[in-house]
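Here are the chains, one letter per residue:
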Amino acid sequence: MGAFLLRRLALAVFVVFVVTLLVAWAIRLSGDPAMMLADGAGSITEQDLRNIRAALGLDRPFTAQYLGFIGGMLRGDMGHSFMGGTPVARMVAQALPLTLLLAFLSLGVSLLASIPLGVQAAVHRGGWADQTIRIISLIGLSFPNFWLAIMMVLVFSIALGWLPPSGAGSLSALVMPVLTMATILTATNVRLVRTAMLETLSAQYITVARSKGLAETVVLYRHALRNCAIPLITYIGLQFGGLIGGVVVVERVFNWPGMGSLAFDAVAARDYPVLQAVVTVLAAMIVAVNLLVDIVYGLVDPRVRTE
Amino acid sequence: MKTSPYRSLEFILGAGLTGAMVLAVLLSDVLFADGADAMDLAMRLTLPFQTLSHPLGTDPLGRDVLARVVSGGRISLTVGVLSVASAAAVGTLAGLVAGYYRGVWDAILMRWADVQLALPFILIAITFAAILGTDMWKLIAFMAIAQWVQYARVVRAAVIVLCEREFIAAAHAVGVRNLAILWRHLLPNAAAPVLVLMTLNVANNILLESSLTFLGLGIDPLIPSWGGMLADGRTYLQTAWWVSVFPGLAIMLTVLGLNLLGDWLRDRSDPTTRSPT
Amino acid sequence: MHMRTRLLAAAVAIAPAFVPPAQAAGTLTVAQSQDPNNWDPIATFLIAWGSVASNMFDGLVLRDEALNLKPGLATSWEVLDQGMRLRFKLRQGVTFHNGEPFNAEAVKFTMARLLGPEGAKGPQQSNYTSIGSVDVIDPYTVDIVLKRPDPVMLTKLAGYGAMMVPPKYITEKGSAEFGIHPVGTGPFKVTDYQNKVSLTLAPNPAHWDGAPKLDKVIYRFIVEPNTQVAELQSGGVDIASNVPVALASTIANAPTLSLISITGPTVTVLRFNTTHGPTMDARVRKAMIMAVDRDTIVKQILQGHAKPVTSFQSTLSFGFDPAQKPVPFDPVAAKKLLAEVKLPANTTVSLDFPSNDTTFREVAQAVAGYLTAVGLKAKITPHEMNVFTNDIIPNGKTGEMFRMGWGGWTFDYDNTAYLMYHSGEHWNPYDKDPALDAMLEGQRKIVDRGEREKALQAIAHFVADNALELPLYNMNTIYGVNKRVKGLVAPPDNRWRLTGVTVD
């Protein structure tokens, strides 16, 4: 078991390392931040640009810049933003909790809806309830998320005036971003719950529980659902990367100052340190969650370890 | 599997919606000879359901919304289908090789898959779109590059399971060549999950095209595409809803049709499957 | 069923709690498109900086709403030594927000910082390189000595880079800290700044121009123009600073909102690739200019929120010639001219533009439509902003035309013309004309205002005669404002001073 853990951990570190290399390389292909800073300044000379590049440390070779970035990250120093010099660590510390709040709250709301729906679909497998639940949940997956978001703003902010259309200043500002994300997640989660339940419901102990005369709700939610928990958590864990990707776009529409907004601005401004840090942190989180899933799986099902 | 009349509702609805959209798009040249591009600023933002010449109204440049929705589907479907086809082709090949031969290539492939799955795709897409610019072919390439690992993983997993079965061992024993085993036995048996994934990803990529356009990474705005119409029309939602609501409906119905089909296919091929994608 | 009714009742009961709290009287909330990230005057060129930070800083001179120079931290000035020496009498009793006194030493520090290594890191320094030295005559008199003539220097001293900064604060805390927690002498001081989220200002009651009437100003950074308008409509902000043309009528028709649409600082033209392809031929360029109906584009697509231009400058610009006539829209003549050239069949002209300009997306499509109508094949290519300004334009990788939007805060045609047309300039990948170069260099040496204006007008005529660009329009800046805001005067250079503003 120890060797398995160690091997997995080493692989995870390796993956994150490759990601950092890839991102550092790609963003440097995409253009010169010096121009971004000098743009519109009036007469720009090559010397002006060279001065700016030197001030940003971009006159060094790629390996030196990359090693500086990695070294900094290992010490917990993410460098300073090219745009304004704010420490990147401070920006990430501000944005990351907001992104995670959005991601986990959306997941939670979506599960609140998809667990009863998925259970009902499984119980009435093939019947009209199953069909209706699946079709309706798929409708939620059929809109581009930005479109859904704009529609909600039109209804809840402009027509009804109930919710603020943007920002992260109040609890009510959370409602629409979370609903947008949850609508999309629910389609997938209903399906997960349904299939997990189908497997469990055919198991022996459910028949036993039923034959003991327990109420159906108790059988379903106490016994069956509890046994679905592990596979469910596993698959939701595997979706974590996709969840983060979705949050990124939704943040943009609602002007939610999370990691997605940070990353978009960083790409637009060629703010290398910020983009490197954001992608590295997100990738590390995705890898960590997958690692956790692997480990849980390895504990539950020893066969995985030999793979 | 028991066949209940309800079970096929998903199929009927899915096939119907998808079929109708594909048919309309295929016939767009016949229905609207160059109508999608004809511009008339004097006729801009004509209301829908008023005239026969513009049944769904006109856009801010006075172009016919119906003609643009129908011919816009061609780009969206082309992007969806071609990106998925190329991702599936590359991914399936890689998955077959990795799953059958294992060893070093398998290890490299799987680690690379881990790297790609750890990257938030949309961030990588905007970075590369910024570098390379965007047109239809680049959009297709971005999606294919991002998604081929999904197919590789699915096929590899299927192949590994199949290789442990007796008929493969038997084929080996009687001296069937590797290539023949791959082509004749493994590929057909791994096809079902690939087909499911393809259907769902066509739907996904149609949405992705519109999201990328929303983020400013779309194709030439002169070429009508659903994503472009939706993204450009969002500013007009309060004053001229029809400019983006009709392409929005077209996307919704097509994507829903494909998702229903994909869901139905998945259920048929393996009723207890839990694979999230 | 019963359960559902109760839920509904509960939802209705909760709903009022979700309504954004009515903003307090005296607090102004402004939606701003962009966070400049760094509030240091020498580190920025952004209009977004000017529209916010003009409340925080003062220059020696300032400009009024009609763009005339007026006293700022200098009460008077005189021009000595044939324009090579500018002498300023400073305002007495002024302090920075942190209590530091403002005096001649502060002026010297500010200019030394701008012209020294700290300034070299930012984009402002290059505007001020004609300054040779700053001489302190007495604590409230200071001379700015030029090393070469610069007729625009006095105007530039009202520009970003010459905003007065506190010597002691910067020396103690460093420039990085100053960029995040700026201190000036302006009518408002910064009380809170959250990067990319918001900036909060409090009034500076001791300001020399009178105490501001507002209790608080909050700037919220909102990128999407649609979101800004939604916030305005739902009462989350009082001013939306970036209103898309398509939503202007919605705001104008709303009973609680009003629309301000004023001449903006930016002029948009299509510049030609004069060294490659069909647009090498001046006749082709002329035909293309005649083919495009700019008046209709402005009237229909831009809904009148722009003015057609005849040269690359607005009517407010020094160098603007009211006598210069636009090339009339004449597709028939355009076709005839193109027929003379005998272009190969299916000649394609392509137009490059930055993808983030959503209004121009429509204009570009309309231009393509007009070109198609005279028999050219048109193609338009959006580029990501940074790639467009960083690679496509300076390296001459554009198609036959490319969008260029420009507007100097100086409102002097030199600021545009020199950078656009002089050979070897960053923004000029194609044109190389010794005659034009000579005209551009010559006007910079003229000290007489009237003479210089004539020289600038001659440049504009030269450019039009050689069809170097397709002039489009001067876009308005469109603001949406809640009617509870009173006393707002929108300046054409977007540099707001909120001193006289009140909120009911």
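Q: Tell me about the overall build of chain A, and please be specific about residues and values.
A: Each helix and strand in chain A was counted, giving 13 helices and zero strands. Starting at the N terminus and walking to the C terminus, you meet the elements of chain A as α-α-α-α-α-α-α-α-α-α-α-α-α. By its C-alpha atoms, chain A is 85 × 60 × 30 Å across when sized along the principal axes. Counting over 307 residues, chain A shows a buried share of 55%. The contacts in chain A between residues at least 6 apart in sequence include a share of 73% that link residues at least 24 apart. Within the structure as shown, chain A displays about 12,400 Å² of accessible surface, and the carbon and sulfur contribution to it stands at 70%. Between the mean site of the 20 positive side-chain charges and the mean site of the 15 negative ones, chain A shows a separation of 12 Å.

Q: Could you give an account of the pairing of strand β4 (residues 74–80) of chain C, with specific residues and numbers?
A: Residues and elements named next belong to chain C. Relative to strand β5 (residues 85–90), β4 runs antiparallel, the two sharing six bridges. In the strand pairing of β5, Leu 80 is matched with Arg 85. The hairpin turn running from β4 into β5, its antiparallel successor, is four residues long, and Asp 81 in that turn takes a positive phi close to 50°.

Q: Describe the packing of helix α3 (residues 65–101) of chain B against helix α8 (residues 178–214) of chain B, and please don't skip the residues or the numbers.
A: Residues and elements named next belong to chain B. The geometry of α3 relative to α8 is characterised by a closest axis approach of 8 Å and an angle of 145° between their N-to-C directions. α8 is crossed by α3, and the crossing has right-handed handedness. Residue-level inspection shows Ser 76, Leu 77, Gly 80, Val 81, Ser 83, Val 84, Ala 85, Ala 88, Thr 92, Leu 96, Tyr 100 and Tyr 101 of α3 in contact with α8, the latter providing Asn 178, Ile 181, Leu 182, Leu 186, Leu 187, Val 194, Met 198, Asn 201, Val 202, Asn 205, Ile 206 and Glu 209.

Q: Break down the domain arrangement of chain A for me, citing the residues and quoting the values.
A: On domain assignment, one finds that chain A holds domain 1 (2–74) and domain 2 (89–269). Here the C-alpha centroids of domain 1 of chain A and domain 2 of chain A sit 35 Å apart.

Q: Describe the confidence of the model for chain B, listing the residues and the values that go with them.
A: Residues and elements named next belong to chain B. For chain B, per-residue confidence averages 82 on the pLDDT scale, and 93% of positions sit at 70 or higher. Within chain B, the lowest mean pLDDT, 74, falls on helix α2 (residues 28–31), and the highest, 90, falls on α3. Scored below 50 in pLDDT, residues 271–277 shows 26 contacts in the model against residues more than four places distant or in partner chains. Quick note on the complex model: pTM equals 0.84, ipTM equals 0.81.

Q: Break down the pairing of strand β7 (residues 141–146) of chain C for me, with residues and values.
A: Residues and elements named next belong to chain C. In terms of burial, β7 is a largely internal element, six of the six residues being buried. Burial of the side chains of β7 extends over both faces: Thr 141, Asp 143 and Val 145 are buried on one face and Val 142, Ile 144 and Leu 146 on the other. By the bridge criterion, five bridges tie β5 to β7 in an arrangement that is antiparallel. Across the sheet, the residue bridging to Arg 85 is Val 145, located in β7. Turn length for the strand β6 (residues 131–138)-β7 hairpin, with the two strands adjacent in sequence and antiparallel, is two residues.

Reading the values: rules and limits
Residues numbered from 1 in each chain as written. Chains lettered and ligands numbered in written order. Predicted model: local features only at pLDDT ≥ 70, side-chain atom pairs only at ≥ 80, totals over all residues. Heavy atoms only, no water. Helix = DSSP H or I, 4+ residues; strand = E, 2+ residues; numbered from the N terminus. Buried < 20%, exposed > 50% of the residue type's maximum accessible area, 1.4 Å probe, protein only. Contact = heavy atoms within 4.5 Å. Areas by Shrake-Rupley, 256 points an atom, 1.4 Å probe, with all protein chains shown as cover. Lys, Arg positive; Asp, Glu negative; His and termini not counted. Charge placed at Lys NZ, Arg CZ, Asp CG, Glu CD. Pairing = 2+ DSSP bridges. Axes fitted to C-alpha atoms, helices over the stretch in contact; angles between N-to-C directions. Left-handed = near helix turned anticlockwise from the far one by under 90°. Domains from an automatic or database assignment. pLDDT = per-residue confidence, 0-100.

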